[in-house]
Amino acid sequence: MMHLASGHTAEALQGEELERQERDFQGYTNGMVRLNPGRWLFPADYTSFADKLYRFKFRKSDVVVMTWPKCGTTWMQEIVWTMKNNPDLNNPEAKIPTRRRVHFLDFDMLTSSKNIPSYENNPACMAAFRKVYPNGNIKDGVMLQLVEATPDPRTIKTHLPFSLLSPDLLDTAKVVYLARNPKDVVVSYLHHSRILRLHGYTGSMDQFVQYFVDDDLVYGPYWLHVKEALEKRDHPNLHFIFFEDLKRNNMVELRKLNKFLDTNMTEEQLEKVAKYTSFSEMKIREEAIDSLKEDQHLREDMISTEGGFFRKGEVGDWKQKLSPQHQAKIDQWMDRYTKDFDLPFPCSS
Ligand code: A3P
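Fair warning: this is a prediction, and the values are worked out from it, not measured in the lab. (Residues numbered from 1 in each chain as written. Predicted model: local features only at pLDDT ≥ 70, side-chain atom pairs only at ≥ 80, totals over all residues. Heavy atoms only, no water.)

## Concerning the nonpolar core
Here is step 1 of the chain: Ranked by size, the top nonpolar core spans 88 residues in total, and within it Phe42, Tyr46, Tyr219 and Tyr222 carry the most contacts.
Here is step 2 of the chain: Excluding residues within four positions of it along the chain, Tyr46 makes contact with Leu4, Val33, Leu35, Leu53, Met109, Leu160 and Leu164.
Here is step 3 of the chain: Counting 23 residues, the second-largest nonpolar core is a separate cluster that includes Val65, Met76, Leu246 and Met251. (Core = buried A, V, L, I, M, F, W, Y, C linked by side-chain atoms within 4.5 Å. Buried < 20%, exposed > 50% of the residue type's maximum accessible area, 1.4 Å probe, protein only. Contact = heavy atoms within 4.5 Å.)

## Things to note about the pairing of strand S4 (residues 40-43)
Here is step 1 of the chain: In this structure, strand S3 (residues 32-36) lies alongside S4, joined through 4 bridges in antiparallel fashion. For Met32, the partnering residue across the bridge sits in S4 and is Pro43.
Here is step 2 of the chain: The antiparallel pairing of S3 with S4 creates a hairpin that spans 3 residues between the two strands, and Gly38 there sits at a positive phi of about 115°. (Pairing = 2+ DSSP bridges. Helix = DSSP H or I, 4+ residues; strand = E, 2+ residues; numbered from the N terminus.)

## Topic: the packing of helix H3 (residues 73-85) against helix H12 (residues 250-260)
Here is step 1 of the chain: Packing of H3 against H12 leaves a shortest axis separation of 11 Å and a crossing angle of 55°. The angle between H3 and H12 places the two elements in the oblique class. H3 and H12 meet at a crossing whose hand is right-handed. Where H3 approaches H12, its residues Trp75, Met76, Ile79 and Met83 are matched on the opposing element by Asn250, Leu254, Leu257 and Asn258.
Here is step 2 of the chain: Taken together, the residues of the contact of H3 with H12 break down into 6 nonpolar, 2 polar and no charged. (Axes fitted to C-alpha atoms, helices over the stretch in contact; angles between N-to-C directions. Parallel < 35°, antiparallel > 145°, perpendicular 65-115°, else oblique. Left-handed = near helix turned anticlockwise from the far one by under 90°. Nonpolar A, V, L, I, M, F, W, Y, C, P; charged D, E, K, R; others polar.)

## Details of the packing of H3 against helix H14 (residues 279-288)
Here is step 1 of the chain: In the contact formed by H3 and H14, the axes pass within 12 Å of each other and the chain directions differ by 95°. Comparing their axes, H14 and H3 come out roughly perpendicular. Seen from H3, the contacting residues are Thr74, Trp75 and Glu78; seen from H14, they are Met282, Arg285 and Glu286.
Here is step 2 of the chain: In terms of residue class, the contact of H3 with H14 is built from 2 nonpolar, 1 polar and 3 charged.

Dropping the structure here:
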């Protein structure tokens, strides 16, 4: 057992539990750890970065986009970056894929999978890294160092919950927390886990729903992740938002973000950003410069039949995908864990 700076213990998964994960998720090739309190589940490599992540120094001008996987992170990354760096849609840097402008703070722990090229064998990633750190050590975390080197104002992506990051995060930087109803999250995470080699999910939807309600997916448990954010919702540096609201009342939410981020954009600029960050426009733009493809992270065979990273971008697709049994399981999970949230998940419509 390992003691982490965050106050958590990390224990390696063993025996049947590890065998099951490694069988169903063929991308998890280097062991896994469970953190307590919280039962957070990560690839074992997390422990190499945990203390650095916890001690990561945020800056006053940072905006952190915090989400559980598949809650619309990329969408929010693009919205925040655009509002801060490209309000007139004329910044040439916007041609770089979103994920190379807004780095993923905790990504390094996911890169030890033997099913994706190592950093050394990933020319695009190495070029970005060597440009800023000609002699940098990859083992210190490529993404961590790229976040460090990003010029201010930085927009930073994380899937970590508040409890695994610096306790003074909110007193230093702004955080936009995006949540999504768990049924659409499950559908989207299943697709993602199948098409991304670093997860390499080979199991069924039944099993995946079971993993979700048992809080046994990487980055789980979702309910606790959201709960930690909801508890801090009144902090002036936290902006809590639902994917569903962003989708249905896009301009209303962009106006709120404009205020939160102090971006002072005009109504006309916001309208243009709304269109520019819409699902259809982002899909065309990002697929034309597909960095996941370039990094060889995608299973092309599945994408042709199942769709790519930009799958549907809708609210309520779960109604087409989840059986009544799956829905009942997630309802029970919600009854158990999220009934007392004072902001219920917008699931019903
Ligand atoms: P679906 O799988 O339901 O389509 P993340 O970025 O956190 O991984 O989330 C990905 C989800 O957000 C996917 O959901 C993706 O299609 C959706 N998404 C990405 N860009 C979007 C946009 N501009 N508008 C709406 N949804 C978007």
